[in-house]
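Residues per chain are reported as follows:
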Amino acid sequence: MDATITHAIPRIGESTIDAEHDLQMQLLDSLARSIEESGDFGPVRHILEQFIEFSDMHFLSEQLVMRLHRYPAYEPHLQAHTRLMKKVREIQEAVVQAEKAPSLELIHELRNWLLDHIATEDVAFGEYLKTREHLPK
Ligand SMILES: [Fe+2]
Ligand SMILES: [Fe+2]
């Protein structure tokens, strides 16, 4: 399976958020590669921690921009972020407990979920932002 899919990441049209999506996907690509190549617990755990820290930061900053622009779909979007982080933390706990890398399938599932979220909910927010470009903040 091709571990590099960064070209397929949908753009929402806001450069900071788009760059953060690239980095999120790159971290998941690194994670998948690390599992494929060695599956060593140490590096896998480290990349997973980086992904969690970065995703927490990205989701918080995305939510902040939503609140600044009074985005009407803020609540369901927040819930989607919370669900993803819960799933990622469950994976992390299992990894730490078993001292074993997660399965590639699990990482691909995570990546598909994230891509789908960007393509639908984040793109919808990008469309909303475009309608507010000329309004006072
Ligand atoms: Fe989002
Ligand atoms: Fe996002």
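Note that the structure is a prediction, hence the values are computed from the model and not measured. (Residues numbered from 1 in each chain as written. Chains lettered and ligands numbered in written order. Predicted model: local features only at pLDDT ≥ 70, side-chain atom pairs only at ≥ 80, totals over all residues. Heavy atoms only, no water.)

**A few points about the coordination of the iron ion (ligand 1)**
Put simply, the test is: With water omitted from the atoms examined, metal sites may look incomplete; donors here are N, O and S atoms no farther than 2.8 Å from the metal, or 3.2 Å in the case of Na, K and Ca. A helix here means a DSSP run of H or I that spans at least four residues, while a strand means a run of E at least two residues long, and both kinds are numbered starting from the N terminus. Here's how the labels work: a residue is buried when its accessible area is under 20% of the maximum for its type, exposed when over 50%, partly exposed in between, all with a 1.4 Å probe on protein chains only.
Around the iron ion (ligand 1), the protein supplies Glu62 (OE), His77 (NE2), His81 (NE2), His117 (NE2) and Asp122 (OD) as donor atoms, at distances of 2.0 to 2.2 Å. Of note, the donors binding the iron ion (ligand 1) are all from one chain and are spaced E-x14-H-x3-H-x35-H-x4-D. For the pair the iron ion (ligand 1) and the iron ion (ligand 2), the metal-to-metal distance amounts to 3.4 Å, and Glu62 bridges them. Of the two residues, Glu62 sits in helix α2 (residues 41-68) while His117 sits in helix α4 (residues 104-131), which places them 55 residues apart along the sequence. With a relative accessible area of 1%, Glu62 lands in the buried category. A relative accessible area of 1% means that His117 is categorised as buried.

**What to know about the coordination of the iron ion (ligand 2)**
At this site the iron ion (ligand 2) is bound by His21 (NE2), His58 (NE2), Glu62 (OE) and Asp122 (OD), with donor distances of 2.0 to 2.3 Å. All donors to the iron ion (ligand 2) come from one chain, and their sequence spacing reads H-x36-H-x3-E-x59-D.

**Things to note about the packing of aromatic side chains**
Stated precisely, the cut-off is as follows: Pairing of aromatic side chains requires ring centres within 6.5 Å, counting the rings of Phe and Tyr and the six-membered ring of Trp. Pairs whose planes differ by under 30 degrees are stacked, by over 60 edge-to-face, and all others tilted.
With the rule as written, the count across this model stands at 2 aromatic pairs. With a centroid separation of 5.0 Å and 50° between ring planes, the pair formed by Tyr71 and Tyr128 is classed as tilted. Separated by 57 residues along the polypeptide, Tyr71 in the loop between α2 and α3 (74-98) and Tyr128 in helix α4 bring together distant segments of the chain. Taken individually, Tyr71 and Tyr128 each receive the classification buried, so the pair is uniform in this respect. In this structure an aromatic cluster arises from ring pairing among Tyr71, Phe125 and Tyr128.

**Some words on the nonpolar core**
Most often, soluble globular proteins keep nonpolar side chains buried together rather than apart. Defined as follows: We call a set of buried Ala, Val, Leu, Ile, Met, Phe, Trp, Tyr and Cys residues a nonpolar core when their side-chain atoms join them within 4.5 Å. Contact criterion: two residues are considered in contact whenever any of their non-hydrogen atoms come within 4.5 Å of each other.
Counting 26 residues, the largest nonpolar core has Leu31, Ile35, Phe51, Val88, Leu110 and Leu114 as the members making the most contacts within it. Breaking this core down by element, the ones donating at least two residues are α1 (15-37), α2, α3 and α4. If one sorts the elements of this core by residue count, α2 sits on top with 7 residues. Excluding residues that lie within four positions of it along the chain, Val88 makes contacts with Leu48, Phe51, Ile52 and Leu110.

**Structural notes on the packing of α1 against α2**
Angle between the axes and distance between the axes are the two parameters that describe a pair of packed helices. Applied cut-off: In this analysis an axis means a line fitted to C-alpha atoms, helices contributing only their contacting stretch, and an angle means the value between N-to-C directions, from 0 to 180 degrees. Note on terminology: angles under 35 degrees are roughly parallel, angles over 145 are roughly antiparallel, angles of 65 to 115 are roughly perpendicular, and the others are oblique. In this scheme the handedness of a crossing depends on how the near helix is turned from the far one: anticlockwise by less than a right angle means left-handed, clockwise means right-handed. Throughout, the ten residues Ala, Val, Leu, Ile, Met, Phe, Trp, Tyr, Cys and Pro are labelled nonpolar, Asp, Glu, Lys and Arg are labelled charged, and all others, Gly among them, are labelled polar.
Two elements in contact, α1 and α2, have axes whose closest approach is 10 Å; the angle formed by their N-to-C orientations is 165°. Considering their axes alone, α1 and α2 lie roughly antiparallel with respect to each other. Handedness of the α1/α2 crossing: left-handed. Of the residues belonging to the contact of α1 with α2, the class tally is 14 nonpolar, 8 polar and 2 charged.

On their own, these measurements won't tell you what the molecule is for.
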